[in-house]
Structure formats: structure tokens, C-alpha cells
Amino acid sequence: MKPSQPSAERTALYGRFSSDMQSPKSSADQERECRAYADKQAWTVVIVERDDAVRAGAMAGRLGFERLRQAAQAKKFDILLVEEMSRFSRDFLGGFAMLAEFQKYGVKLADTKNGLLDLDSQVGQFQAFMGLSFGSQETKRLGERSKRGLKGKVLQKFSAGGRPPYGYAREPLFSTRLVDVDGRPKREGVRFVPHPAQAPVIKRIFDRYCDGESKHAIAGLLNREGVPSAGAGGTRNGRPNSGTWSTASIKGILENEMYAGVRIWNRTSRKGEKSTNSGKKEQVANPESEWVSVDDFVPALVDQQTWSRVQQRLKNDGEAYKRNHVVNGTRQYLLSGIIRCACCGASFSIGVHRGIPPVPHYRCTFHSRGASVCPNPVVVSQTALEAKLKDLLEVMV
């Protein structure tokens, strides 16, 4: 470890409170400890940044850390001081990448436990390796304990977190015997109960599909009636959700076994190293043997007979779609999602005119939700459009 530097060293303090690991020390507590340490070393604090309630490995959302990177690039400080290495990063590989970036800008890292880390020395490199390794392993252990706890909640028919599916509302359940530290009844968990306004919509969707209506027709009906969709009021990919129904959203509801009362948990997991941009690991499918299925998890909104009929029709529709839309396991429409609607800005996707043989065409995805969402009725033949594109490319070449 290097001896302390003279007071001319300009120091930036950084604190982070993790939303996924919930450190017992808030970023304000971390700042106080860092200031005390900097005073002992006679370092001059010139910048203080912090991020509250962000994922440990995420860069997206760590606005304070991003400002530090910009300040480091501008040579505005010499030392980055954190309370401990895990506050800098709990992501092993991502942490080393960030260390290399700050070192490139001439910034040294220090924490209140080990002091300055000399990354040019074997000792400093070892300290950084151990600090990031311990943080990464602790994250893994906490994640495993958290997952066991969530599994226990699901088996007790409590929510494991997140929003309920459309058609249900959250209802907290309180203990009749236990109290919290403030003397109030202790919350045992949250159950999902039928939503008074949304549950009838779910029943309508299943009944209409069971009676032969298409997913497209059901979406158009709900949009004409002004029924808000599940995503109403939220955002998608950073943009406000339109709040309208689509064929895909209707299909998602029809495939959700929750509406038959069954909860299947642990279908997917996030594994591998976290992305430095999103802070999330890659989502992968778990083997079916690891799934946790709980019957009567919620009050069913559709009976078993309706559920079975809907699943059979979905299977039949899916097989017909593959025959008409897929060649050798891949989609055959190269321009889907590339063309944009002049009226609403949504992308064009492929559709098929019913007939023998079916005729594929491009159309606005939002117009497919009904004229109340987008009034653009333009339909472009796939064959004609791709022939025109070919002609243009030949002229360019």
C-alpha cells in the first residue's frame, strides 16, 4: 500500500445504495465515512457524487457515477474514494473495466479499508482482485438466499414481487398475531385478487376467442371501446406506452395459465456477467424440472373447459401461422419493422390476406389494432414492394 498523498491531491467521493442488495449503509453514511477518512489523509474533497437505489453492476441509471467518469476525463480530480470496493462495483469483470478506464485518466482508487490501490503493483492488483471478487461472490450468495425466500413465498401462494398480471390487483395480508417494530400488524405477504374493472375484460377476451373471434378482432374491439390495456400509463423502451391492445397482447393473455389459477415460477433465470450498460444478466430459460408450479395460486378468472379450448385453438392457429409465414424455421419477410407508418410512426409488419394461396402484405402494426389507434389503411404487397426495392438497388449499383 502506498503512503498517503499530500493535500494537493483532489479527491472525489462516491457512495451508492443498491436496490437489489440493500446495503445497511446509505450513501449519506458512506459519504460521512469517506469525508472523515479524507480529512485524516489531508486530501481535499472537490467532488461528491452518489447513486441511490440502483443495481450494483448497472451503469444505466448510475448518473452520479457517469458524472464522475466525465469529471475524470476532464482531469478534475486525482483520487476516487469509496467506503469499500463493493460500492464501486459488485460486478467482477465490469469493475476491472471501470478501474482501467479511471487509471487511463490518471485517477487512483482508494477505499476507507485499504487506502490507495496502486494498480501498477502486484499488491494493488491483488487488492483490487480480492475486493471485486468478494463483492461478486457476496452478490451471488445473497441472490441464492433471496431466491430461496421467494420460492417459499410462492409456495405459500404469496407474490414473489412485481406487478400482478392484468386482471388482478395486489392485496396485502396481515398477521392476526405478530406485530412489527412499530406495534402494527406484521405483513405476511401479498396475494393477487381479481381486479373489479379488469377481471371482466379477461373473461370477455377468453369467451370471444373461444367463440371463434380472432385475436386481431378482439384487440380492435377493445380499442374502439377505449378499454385501457395492461401497459397503459407505463413506458416501453423509454417511450410512453400507447395504452392500446395489440394481437400480441391478446395472445399473451390467452397463453397465461395464471387466469386458470396456476402459477408457474422460475421459468427463467438471469445468469452470467452483468451488462455494463443495463446492469442485468442475460435471461435464459430454466429446465422444466426447475419450474415451481402452484395450483389455486389465485382465484381463476376462466374455467378449465374454457382454458383447454383456448389452448387447443392457439395451437391450431400457431401451426397454421408457421405454414404461411415461416420457411426452414425462419421468418421470410425481411422488411418487417423497417418500414414506418407516415401517420403514427409505428413500424409496418407482415400480414396475410386470407385466400388460396394466402397473399402476404405489409401494413401498419398500430392500424392492425383498429382505425381508432391509427387511421392509415395502406396495405403494400410484399412481392411488389420487394421487387421495387430490388429495382432501386440495381440502379444504385
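Since we're looking at a predicted model, the values are computed, not measured.

1. Observations concerning the pairing of strand β7 (residues 185-194)
Of the pairings in the sheet, the one linking strand β6 (residues 168-179) to β7 comprises 8 bridges and is antiparallel in character. Within β7, the position partnered with E171 by the bridge is R191.

2. What to know about the nonpolar core
Of all hydrophobic cores here, the largest spans 33 residues; its most connected members are I205, F206, W245 and Y259. Contributions of two or more residues to this core are made by α6 (199-210), α7 (215-224), α8 (247-254), β13 (292-294) and α9 (304-325). The element that contributes the greatest number of residues to this core is α6, accounting for 7 residues. Of all hydrophobic cores here, the second largest spans 22 residues; its members include I47, A72, F102 and L117.

3. A word on the packing of α7 against α8
Direction vectors running N to C along α7 and α8 enclose 110°, while the axes themselves pass 8 Å from each other. On the basis of their axis angle, the class for α7 and α8 is roughly perpendicular. The residues of α8 that touch α7, namely those facing K215, H216, I218, A219 and L222, are T247, I250, K251 and L254. Taken together, the residues that form the contact of α7 with α8 break down as 5 nonpolar, 2 polar and 2 charged.

4. So, empty space enclosed by the protein
Taken as a whole and judged by the stated rule, the model has 1 cavity of 30 Å³ or more. Lining the largest cavity, in full, are F88, L99, F102, Q103, V107, K108, L109 and L119. Where the lining of the largest cavity is concerned, the elements lending two or more residues are α4 (92-104) and β4 (108-111). Along the lines of polarity and charge, the residues of the lining of the largest cavity split into 6 nonpolar, 1 polar and 1 charged.

5. What to know about the side chain of D111
Mapped onto the elements, D111 comes out in strand β4. As a buried residue without a salt bridge, D111 has its nearest oppositely charged side chain in K113, at a separation of 6.6 Å. At 2.8 Å, the side chain of D111 forms a polar contact with the backbone nitrogen of K113. A polar contact is formed between the side chain of D111 and the backbone nitrogen of N114, at a distance of 2.5 Å. With sequence-adjacent residues up to four places away left out, D111 is seen in contact with Y37, L81, V82, E83, E84 and M85.

6. Remarks on the environment of T44
Summarising the element assignment, T44 is placed in strand β2 (residues 44-54). Its relative accessible area of 37% is what places T44 among the partly exposed residues. Once the C-alpha coordinates of T44 and A12 are considered, the two residues, 32 residues apart in sequence, prove to be 8.6 Å apart.

7. Concerning the packing of α6 against α8
Relative to each other, α6 and α8 sit at 95°, their axes nearing to 10 Å. Classed by the angle they form, the pair α6 and α8 counts as roughly perpendicular. Residue-level inspection shows I202, I205, F206 and Y209 of α6 in contact with α8, the latter providing I250, I253 and L254. The class makeup of the residues in the contact of α6 with α8 is 7 nonpolar, no polar and no charged.

8. Thoughts on the side chain of S229
Following the sequence through the fold, S229 ends up in the loop between α7 and β8 (235-236). Within polar-contact distance, the side chain of S229 engages the backbone oxygen of T244 at 3.4 Å. Not counting residues within four places of it along the chain, the set of residues in contact with S229 comprises Y166, N241, G243, T244 and W245.

9. Side note on the packing of aromatic side chains
In total, this model carries 8 aromatic pairs according to the counting rule given. Centre to centre, the rings of Y166 and W245 are 5.2 Å apart; their planes meet at 90°, and the pair counts as edge-to-face. With Y166 in the loop between α5 (122-155) and β6 and W245 in the loop between β9 (239-240) and α8, this pair connects stretches of sequence that are 79 residues apart. Of the two residues, Y166 and W245, neither departs from the other in class, the shared state being buried. Considering the side-chain rings of F206 and Y259, the 6.1 Å spacing of their centres and the 65° angle between planes classify their relative orientation as edge-to-face. With a gap of 53 residues between them, F206 in helix α6 and Y259 in the loop between α8 and β10 (263-265) connect regions that are remote in the sequence. Residue F206 is classed as buried on the basis of its relative accessible area, which comes to 0%.

10. With respect to the pattern of salt bridges
A complete count under the given rule lists 16 salt bridges for this structure. Residues E31 and R35 are paired through a salt bridge, measuring 3.1 Å at the closest nitrogen-oxygen approach. Of this pair, E31 and R35 both sit in helix α1 (residues 27-41), 4 residues apart, roughly one helical turn. On the basis of relative accessible area, E31 is assigned to the partly exposed category, the value being 22%. We note a salt bridge from E225 to R204, for which the minimum N-O separation is 2.9 Å. Taken together, the residues span a long stretch of sequence, with E225 in the loop between α7 and β8 and R204 in helix α6 at a distance of 21 residues. Judged by its relative accessible area of 44%, E225 falls in the partly exposed class. Owing to a relative accessible area of 29%, R204 belongs among the partly exposed residues under this scheme. Ionic contacts of the salt-bridge type, sharing partners, join the residues E66, R69 and E101 into one network.

Each value, and the rule that gives it
Residues numbered from 1 in each chain as written. Predicted model: local features only at pLDDT ≥ 70, side-chain atom pairs only at ≥ 80, totals over all residues. Heavy atoms only, no water. Pairing = 2+ DSSP bridges. Helix = DSSP H or I, 4+ residues; strand = E, 2+ residues; numbered from the N terminus. Core = buried A, V, L, I, M, F, W, Y, C linked by side-chain atoms within 4.5 Å. Buried < 20%, exposed > 50% of the residue type's maximum accessible area, 1.4 Å probe, protein only. Axes fitted to C-alpha atoms, helices over the stretch in contact; angles between N-to-C directions. Parallel < 35°, antiparallel > 145°, perpendicular 65-115°, else oblique. Contact = heavy atoms within 4.5 Å. Nonpolar A, V, L, I, M, F, W, Y, C, P; charged D, E, K, R; others polar. 1 Å grid on protein atoms, 1.4 Å probe; cavity = no way out; pocket = protein on both sides within 12 Å on 5 of 7 lines; lining within 4 Å. Points joined across faces, edges and corners; volume = space filled by probe spheres on them. Lys, Arg positive; Asp, Glu negative; His and termini not counted. Salt bridge = Lys/Arg side-chain N within 4 Å of Asp/Glu carboxyl O. Polar contact = N/O pair within 3.5 Å; in protein donor to acceptor, adjacent residues only side chain to side chain. Phe/Tyr/Trp six-rings, centres within 6.5 Å; stacked < 30°, edge-to-face > 60°.

Limitation: the analysis is restricted to geometry and does not speak to function.
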